[in-house]
Every structure is written in C-alpha cells, then in structure tokens.
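Chain by chain, the residues run as shown.
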Amino acid sequence: GNLGTLLRTADAVGVDGVVLSNNCCDMYNPKVLRSAMGSAFRIKTFVCNDFADCVKLMRGKGVKVWASVVDKDATSLVDADFSCGSAVVVGNEGNGLSDSDAELCDERVTIRMQGNINSLNVAMAGGIILWEMMRNGDKNDKTLAAPYAEKYILLDDKTEQEIPYHYHVSKTEDIINRGGGVMV
C-alpha cells in the first residue's frame, strides 16, 4: 500500500519520476497496483542499482538531494528551498532512511510534529513532502508546481526483497538522460 500511495501522490503532484532502490518492494504487487490507481503505469519509474551513484549523478546534474528524516536538527519542511531541481529520499516504513544513505544527501529535511508522536506513516510523510516540494518550488509563486525545475522522489528500502524491474536502469546516468525524476 505505501509504495502505491507514493506513486499515486507523485503522479498527482507532477513529479518528473520515481526511482526505486533495487531492494524496494515489487511495484507490480497487487496491493501496490490497487493503491496506485493506475499511476504505476503513468509515471516514469526507474530502478537504481547503486544508491550512492544515483545521488552523485543527481548532484552532478544540479539536483539537490534531500534526506527525509526524523531529526530535530534537520531543516523544517516549511523552510526547505525546493526552487531548483530537487530530489527527496524516503526510507522504509519501519526503519526510515539509514544514516549512511542520509549522509550521502545534500541536506536533511523533516516534518515538525506538534502532537505526541515523532513520525508519520511513510506514505503520508512522502505525500506531505511531495506536496510542499511542488507547491514551494518557487518561493515567490505559491501555485502548485514549478514546471521548470525537475522534481524527483527516491524510494530506498533496505529489506532486500527481489523485484521484477519496471524500467531497469543499466547505467545510473540513464535516469537523468531519459528525463526521469527520482524518489528513493
């Protein structure tokens, strides 16, 4: 359900594409397809075999890579500047993004909590971040989406599951060269 919800949300807000780490859940799992409501077939999706190479490539193309974390010292989502090309990385439901993967990113971003909990469901958090990333794409224009700045979401899941590839990326640079966006 979480992957499908993230795919549907990414489609709804107009990201350029979604990149899955090679150990994410099967995007063709019936539960994923049901919750994606067709978005799995409309949005560009890529499977990246090497997370570090993917981040390096994004950075080399001028895309700022944000690690979504639960961390009081991270940049608050409402203060994050997504005005240039941006990629946000989210981890799995149970463990979040690993410290080593978060360290590879340019900055950390967090959703400040006001209640009695410190985190949200990964699909909910990803949806909020995606909405803010697209809405806040231009600090001077509060309309939805900044169409000139590429937006990505990378899905990174360390559960070591086998998946069939939707669009297997043989070389990391193919992600950018084929016009894709990233969510890990």
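This text goes with the structure placed above it.
Below or above, wherever it landed, is the structure these notes cover.

Reading the values: the criteria
In this numbering scheme, every chain counts its residues from 1 along its sequence in written order. For a predicted model such as this one, the threshold for reporting local features is a pLDDT of at least 70, and the threshold for listing and counting side-chain atom pairs is 80 or more; totals across whole chains, interfaces and linings nevertheless cover every residue. The side-chain values count all of the structure's non-hydrogen atoms but skip hydrogen atoms and water molecules. For two strands to be treated as a pair, DSSP must find no fewer than two bridges joining them. In this description a helix means any DSSP run of H or I spanning at least four residues, a strand means any run of E spanning at least two, and both kinds are numbered starting from the N terminus. Residue exposure (1.4 Å probe, protein chains only): buried if accessible area is under 20% of the type maximum, exposed if over 50%, otherwise partly exposed. Arc definition: it is the arc formed by the directions from the helix axis to the C-beta atoms. For the purposes of these results, a polar contact is taken to be a pair of N or O atoms within 3.5 Å, where, inside protein, one atom must be able to donate a hydrogen and its partner to accept one; residues adjacent in sequence count only when each atom of the pair is a side-chain atom. Should any heavy atoms of two residues lie within 4.5 Å, those residues are considered in contact.

**Some words on the pairing of strand E6 (residues 107-110)**
Piece 1. Pairing geometry for strand E3 (residues 64-68) and E6, over three bridges, is parallel. Bridge assignment links Ala67 to a residue of E6, and that residue is Arg108.
Piece 2. Where strand E4 (residues 75-76) lies against E6, two bridges are found, and the strand directions are parallel. Bridge pairing in E6 places Thr75 opposite Val109.

**A few points about helix H4 (residues 51-60)**
Piece 1. Buried within H4 are the following residues: Phe51, Cys54, Val55, Leu57 and Met58. Buried residues of H4, viewed axially, fall in a sector of 160 degrees; they line one side. Seen from the buried face of H4, the exposed residues on the opposite side, beyond 90 degrees, are Lys56 and Gly60.
Piece 2. One side-chain oxygen at the N-terminal end of H4 lies 3.0 Å from the backbone nitrogen of Ala52; it belongs to Asp50.
Piece 3. Gly62 sits one or two positions beyond H4 and adopts a positive phi of about 80 degrees.

**Re the environment of Ile111**
Piece 1. Inspection of the secondary structure assignment puts Ile111 in the loop between E6 and helix H6 (122-135).
Piece 2. Each C-alpha atom, one on Ile111 and one on Val69, is 8.2 Å from the other, the two residues being 42 residues apart in sequence.
Piece 3. Every residue in contact with Ile111, bar those within four places of it in the chain, is listed here: Leu77, Leu120, Ala125, Ile128 and Ile129.

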